[in-house]
Amino acid sequence: KPSSYFPILRMKILYREMIDIHSQDGEIGTRFYLHARNFADAILFILNNFPARLFPDYDRPERINIVGKTELSNLDLAEKIAEIMKIPLSYQLIDVNSSRPGYDLRYGMDGYRLEDAGYNFPVPFDESLEKTVNWHLKRENQEWLSS
């Protein structure tokens, strides 16, 4: 059974199941979603453009956040995936306090260090999401996904 949000959404939308969207007082959680290829590209950029801070001159490594450009609510992501799949979305808002104590509505990091260094993600979010969803829907990939 999938445990990550994207595969859960994909499966529930595909099977036309109700999706629980966590909220608190009507506010829906958000995330900065990031495709793995963009993440890998950012890692290579860091390795090639930021010199290593070595001991004893530095007592801790440099911290560089890799943050997606697009902040979406969890409902917005579900709607985008359903639209790509051309399947109506069924969802309900669930109070986060009763269903997931300790849940954070927002994870927001600052990616200014990469941006200031001139880095740009090679694939826009909407394009990478559409490619990912369509890959998951191809019949030849179903066996790989179920293993």
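Refer to the structure printed above.
Reference entry: report on the structure contained in this document. (Residues numbered from 1 in each chain as written. Predicted model: local features only at pLDDT ≥ 70, side-chain atom pairs only at ≥ 80, totals over all residues. Heavy atoms only, no water.)

1. Focus on the overall build of the protein
(1) Moving on: Helix and strand counts for the protein stand at seven helices and five strands.
(2) Moving on: Each helix and strand of the protein, placed in order from N terminus to C terminus, yields the pattern α-β-β-β-α-β-α-β-α-α-α-α.
(3) Moving on: A principal-axis box enclosing the C-alpha atoms of the protein has dimensions of 55 × 40 × 25 Å.
(4) Moving on: Buried positions account for 32% of the 147 residues belonging to the protein. (Helix = DSSP H or I, 4+ residues; strand = E, 2+ residues; numbered from the N terminus. Buried < 20%, exposed > 50% of the residue type's maximum accessible area, 1.4 Å probe, protein only.)

2. As for unusual backbone geometry
(1) Moving on: Unlike most non-glycine residues, R16 shows phi in positive territory, near 55°.
(2) Moving on: For R16, the location among the structural elements is in the loop between α1 (5-14) and β1 (19-24).
(3) Moving on: You can call R16 exposed: its relative accessible area is 55%.
(4) Moving on: We note that D25 has phi near 55°; this positive angle belongs to a residue other than glycine.
(5) Moving on: With respect to the secondary-structure elements, D25 resides in the loop between β1 and β2 (27-28).
(6) Moving on: Relative accessible area serves as the criterion here: at 79%, D25 is assigned to the exposed category.

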